[in-house]
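Examining the three-dimensional arrangement
Listed below are the residues making up each chain.
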Amino acid sequence: MSSPGSIKLPPCERLPAAIFNRKQFRLLVLAYLTILAAFLLSPVYAYCSENKVKIGVLAYRGHNEAIKMWAPTADYLSRKIPRYSFITVPLDFHEIGPAVEKGLVDFVLTNTSMYVELEALYGVSCIATLKNVRNGGNYTVFGGVIFCRNDRGDIKGIKDLKGKSFMAVEETSLGGWRMAWLEMLRHGIDPYRDLKSLQFGGTHDKVAYAVRDGKVDAGTVRTDTIERMGEEGLIDPGLFRTINQQHADKFPFALSTPLYPEWPFAKVRHTPDDLAQKVAIALLEMPPGSRAAKAAKIAGWTVPLDYQPVHELMKELRIGPYKDFGKITIFYVLTKYWYLFVLSIAIIALMGVAISHMLRLNKQLRQSKLDLEEANANVEKAYGKLQDDIINREKAEEALKRSYNFVKAVLDSISDAISIIDIHNLKIVGANKAFLNEFDIQEKDAIGKTCYEITHRRSGICAPPEDACPLMETIKTGKHALFEHEHHGNHGEIIYAEVSTAPIKNEDGEIIQAIHISRDITERKRMENELKESEEKYRNIFNSSQDGIYFSDKNNVFKLINQAGAEILGHKSPEELIDRPVIDYWLESKDRDILIAELRSRKRVTAHLIRARRATGEEIYVETTSRYIEDKSGNFIGIEGILRDVTVRKLAENELKRNKKAIEDKNTELEKAYNELQAAQSQVLQQEKMASIGQLAAGVAHEINNPMGFIMSNLGSLQKYSARLAEFMRVQSETISELSSNSSNDIPSRVDEQRRVLKIDHILGDLTNLIMESLEGAERVRRIVQDLKNFSRIDEAEYKMADINAGLESTINIVWNELKYKATVKKEYGDVPMLLCNPGQLNQVFMNLLVNAAHAIEKQGEITVKTWNEGEHVCISISDTGCGIPEDKLGRIFEPFFTTKEVGKGTGLGLSIAYDIVKKHKGQIKVDSEVGK
């Protein structure tokens, strides 16, 4: 630390002190000229031949996803900036740096931390910052989220990640790793040392899947990843819990770190400034609802943000351009003090002239120098031998130092507390980091003390050296020793430790030191205690159960059974059944074979009723619920199950079966009587059908007479008109003949007079109407006959697709003579689908309902026919404004032979037939009526 009032410059501000020889100097000048040439020629190479502009995009979710997201942005720029064609180049985390370095792209769109590295290494510069859009909001900042499964009660905060497995996206990913890395360091965890394992999935999606599937204990991704994958239906966000939850103003996503600027759109060094300015303007003008913005799932772009927080993060982590932060390199000296090198070259050139003059002077001194060199040769030989000895000793010391550092690094990487003890005075001569951290002590304070002094300083529990302990046992016997003990932690909690010691011998085999290793087994002890409690709880349930519980091995031999099971099988204690075959208690061996076969095929819990016998020979019925058990390799190892004595219930069931047989015999008699009733009903049905057909024939005859009447009348009129036209044509012919022989001028007037007397103009005008009326009458006859033919198919047994609306329409036409004098028919047909049915039978249902409706109306009323769709059903409603049905008779209207009409006016089978037809079509028929309505 610097003293108060002093000023300490950071290492990067100090002037380097370095001396270069001629060879190094020439190399530096050559490197400088190469860099200068590359810098000057790269724009020419990039833009001399074509106007294609390449945008390198970080494909953090894969190349296909990158093309899908950012190709529309390239198309947008191509449209906005004439004479340039923009294309998208997807690059993964390892490809984007070399692509920028070699000038393979002109612009780059990457994550924030990689931009900072590219800015420092290759001179890229930000021209716009992305505006992310999520949940209806626009965001120019983002962070990282550290998360685990919701059911991980052992992970509360970041410190709980120690010793756990962890997955991040990439080592170069800012939101997917570096933000979380910094948060771990700030909470005292070095992830590269303290985590059980650290993996990198390559994409954010793979990290979320790995945590969800339990492949790792926890992971980290950039903010909004969990929410986005949830919206896409890839994961259930409710399965996860955020670790180290942070809350930022107007930032709605799960967050574990500070916020940093969003992705930048940057130009590389060789890209012309005027093109970069056009691209920046086009990006800032991008509408939020444009195709490019929607494909990238952004709200557009904004002016470049301040990326200094990212620089600070990378400084603290010492990564990227700050990997050697605080160190002075030759490259740094060249870039910062280039002008001094140029000035030095000029000075050296001037010095060359002076040197040439000095060389002439040195020639005169060379001879004398040779004499001195000869005299010094002997001295140098002796000095060289001494120097070789020094070098050899330094090499040996260096090798010893490297060996010590290697061993030290290995010991520090071990999570167990390790100390090296001198066996002569029992004092510590070395300790690893785990030992120092466990006892919260510095290495300088630990060296020279006994381990008992250190442990006693904290807990006061550890025994003095002379008592029995593994260290003393190792010193006495020279062998490895192991034991367990408990002590208090830094916060007073009980800690269980497994302590082992081993001797360290010298080249002569003498024990000079001992290695003392302490391993924290508190968690293992806790699990052992919980296992014991669980085992005791299970044993209590096992012994107190009223049902028999057993386990048999693969040879079907009892290996475990409780007291209740032994008593069910007629034994006083479970021990009498151990190692006895289960099949000995089965009355029929096929029961066991069926059970085993079913268990193996289903591989799940299976219930069976089995005839068994007790040890006394008494026959019983046992209900067994069994489960087939396999080992990890899928091999059958046994069956576990529950036995329940159901003898009393089974005997009652047998008695019930005997009673059931008597009831079935009685039902047979009733069924016979019912069949006879059905035969009688069929005969009455035929009579009803014949009556309906007779009624139908009368109506058809009446309907046909009406159109045929006016057809005959019209044809009579047409006959008279034809006669008049014939007379006119005769007179016209005579007149024209006379006109040809007589030139008198009264002939045209005679023709006109005759035309007027015969009303030729009126006939010609009325002739068209008469013909149209005749055609209409003929069409009505044709339609009535066709409806009659359609309806006559009532006995067809074939099911086919039919239009319900068309069936209703034809039935209404058939019974129209029955309806038109009583009611106005109101049709409300809906858009219903074709129905698989027997159209003739359904038409009979419609006819019965329509005729009943007409009969219910005394003078004049209204009948409404309505169809509609209701879920998977087609619904038909036929209602009337007749007299209604009393409530006490509503429940009987579908019974055969029941009728509300006067005696002799109805058979009571119409609605019964309709009911049977609808039921055969797997439908429902219901009635709703009120007297007077």
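Preceding this section is the structure that the text describes.
Residues numbered from 1 in each chain as written. Predicted model: local features only at pLDDT ≥ 70, side-chain atom pairs only at ≥ 80, totals over all residues. Heavy atoms only, no water.

Now for the overall build of the protein. Helices and strands together make up the secondary structure of the protein, namely 28 helices and 29 strands. Across the 933 residues in the protein, those meeting the buried criterion constitute 36%. A separation of at least 24 residues holds for 64% of the contacts in the protein among residues at least 6 apart in sequence. Split by element, the accessible area of the protein, about 56,200 Å² in all, is 55% carbon and sulfur. (Helix = DSSP H or I, 4+ residues; strand = E, 2+ residues; numbered from the N terminus. Buried < 20%, exposed > 50% of the residue type's maximum accessible area, 1.4 Å probe, protein only. Contact = heavy atoms within 4.5 Å. Areas by Shrake-Rupley, 256 points an atom, 1.4 Å probe, with all protein chains shown as cover.)

Attention shifts here to the pattern of salt bridges. As a working rule, side chains carrying opposite charge can pair if their charged atoms are close by. Scanning the entire structure with this criterion turns up 26 salt bridges. In this structure, R228 and D205 form a salt bridge, with 3.1 Å as the shortest nitrogen-oxygen distance. One end of the pair, R228, is in helix α8 (residues 225-231); the other, D205, is in helix α7 (residues 204-212), and 23 residues separate them in sequence. Neither residue differs from the other here; R228 and D205 are each classed as buried. (Salt bridge = Lys/Arg side-chain N within 4 Å of Asp/Glu carboxyl O.)

Another point: the packing of helix α5 (residues 174-186) against helix α11 (residues 308-317). Their axes nearest at 11 Å, the elements α5 and α11 cross at an angle of 60°. In terms of their interaxial angle, α5 and α11 are classed as oblique. α5 and α11 meet at a crossing whose hand is left-handed. Packed against α5, whose contacting residues are L174, R178, M179, W181, L182, L185 and R186, the element α11 presents V310, L313, M314, E316 and L317 at the interface. Grouping the constituent residues of the contact of α5 with α11 by class yields 9 nonpolar, no polar and 3 charged. (Axes fitted to C-alpha atoms, helices over the stretch in contact; angles between N-to-C directions. Parallel < 35°, antiparallel > 145°, perpendicular 65-115°, else oblique. Left-handed = near helix turned anticlockwise from the far one by under 90°. Nonpolar A, V, L, I, M, F, W, Y, C, P; charged D, E, K, R; others polar.)

Our focus in this paragraph is a nonpolar patch on the surface. A cluster of nonpolar residues, L343, I347, I348, M351, I355, M358 and L359, forms a patch on the protein surface that exposes about 630 Å² of accessible area. By the element assignment, L343 lies in helix α13 (residues 338-413). (Patch = residues over 30% accessible without salt bridge, like charges linked within 9 Å, V, L, I, M, F, W, Y side chains within 5 Å.)

Given 3.6 residues per turn, any residue in an α-helix points the same way as the ones three and four places further on. Under the 1.5 Å per step criterion, the end-to-end length of helix α9 (residues 273-284) is 16 Å for 12 residues, consistent within 8% with the ideal 16 Å. By the burial criterion, the buried members of α9 are L275, A276, V279, A280, A282 and L283. Buried positions in α9, seen along its axis, are confined to an arc of 165° and lie on one side of it. Set apart from the buried face of α9 by more than 90 degrees, the exposed residues are D273 and Q277. (Expected span 1.5 Å × (residues − 1). Arc of directions from axis to C-beta.)

Residues F86, F107, L161, F265, V279 and W301 are the most contacted members of the largest nonpolar core, which totals 91 residues. Counting residues per element, this core draws most heavily on α5, at 7 residues. Contacts of F86, omitting those with residues within four sequence positions, involve V53, I55, A74, L77, S78, I81, F107, L275 and V279. I814, A914, V918 and I925 belong to the second largest nonpolar core, which has 29 residues in total. (Core = buried A, V, L, I, M, F, W, Y, C linked by side-chain atoms within 4.5 Å.)

Counted according to the given criterion, the structure contains 14 aromatic pairs. Ring centres of W70 and W301 lie 6.2 Å apart, and the angle between their planes is 45°; this geometry places the pair in the tilted category. A residue pair is termed long-range when its members are at least 10 positions apart, and W70 in helix α2 (residues 63-80) and W301 in strand β14 (residues 298-302) qualify at 231 residues. W301 sits in the buried class, given a relative accessible area of 3%. Relative to F251, the ring of Y139 has its centre 5.8 Å away and its plane inclined at 80°; by these criteria the two rings are edge-to-face. Linking Y139 in strand β5 (residues 137-139) with F251 in the loop between β11 (240-243) and β12 (260-261), this pair joins segments that are 112 residues apart in sequence. Taking relative accessible area as the criterion, Y139 reaches 13% and is therefore assigned buried. Residue F251 is classed as buried on the basis of its relative accessible area, which comes to 11%. Through pairs of rings, three or more aromatic residues link up here, namely F166, W177, W181, Y192 and F200. (Phe/Tyr/Trp six-rings, centres within 6.5 Å; stacked < 30°, edge-to-face > 60°.)

Moving on: unusual backbone geometry. Its identity is not glycine, yet D224 carries a phi of approximately 75°, on the positive side. With respect to the helices, strands and loops of the structure, D224 is situated in the loop between β10 (218-222) and α8. Taking the relative accessible area as the measure of exposure, D224 reaches 8% and is therefore buried. The backbone phi angle of D579 is positive, close to 70°, even though this residue is not glycine. For D579, the location among the structural elements is in the loop between α19 (563-568) and α20 (589-602).

So, on to empty space enclosed by the protein. Per the stated rule, a full pass over the model turns up 7 cavities of 30 Å³ or more. For the largest cavity, the lining is made up of 16 residues, of which Y60, M69, N132, D224 and A296 are closest to its centre. In terms of residues, the lining of the largest cavity owes the most to one element, strand β4 (residues 125-134), which gives 3 residues. For the lining of the largest cavity, a count of residues per class yields 7 nonpolar, 2 polar and 7 charged. (1 Å grid on protein atoms, 1.4 Å probe; cavity = no way out; pocket = protein on both sides within 12 Å on 5 of 7 lines; lining within 4 Å. Points joined across faces, edges and corners; volume = space filled by probe spheres on them.)

All right, on to the pairing of strand β28 (residues 861-870) then. Across 6 bridges, strand β26 (residues 823-828) lies against β28 in parallel orientation. Of the residues in β28, the one forming a bridge with T824 is E862. Where β28 meets strand β29 (residues 873-880), 8 bridges bridge the pair, whose relative direction is antiparallel. Looking across to β29, one finds that W868 is bridged to C875. Linking β28 to β29, which pair antiparallel, is a turn of 2 residues; within it G871 sits at a positive phi near 70°. (Pairing = 2+ DSSP bridges.)

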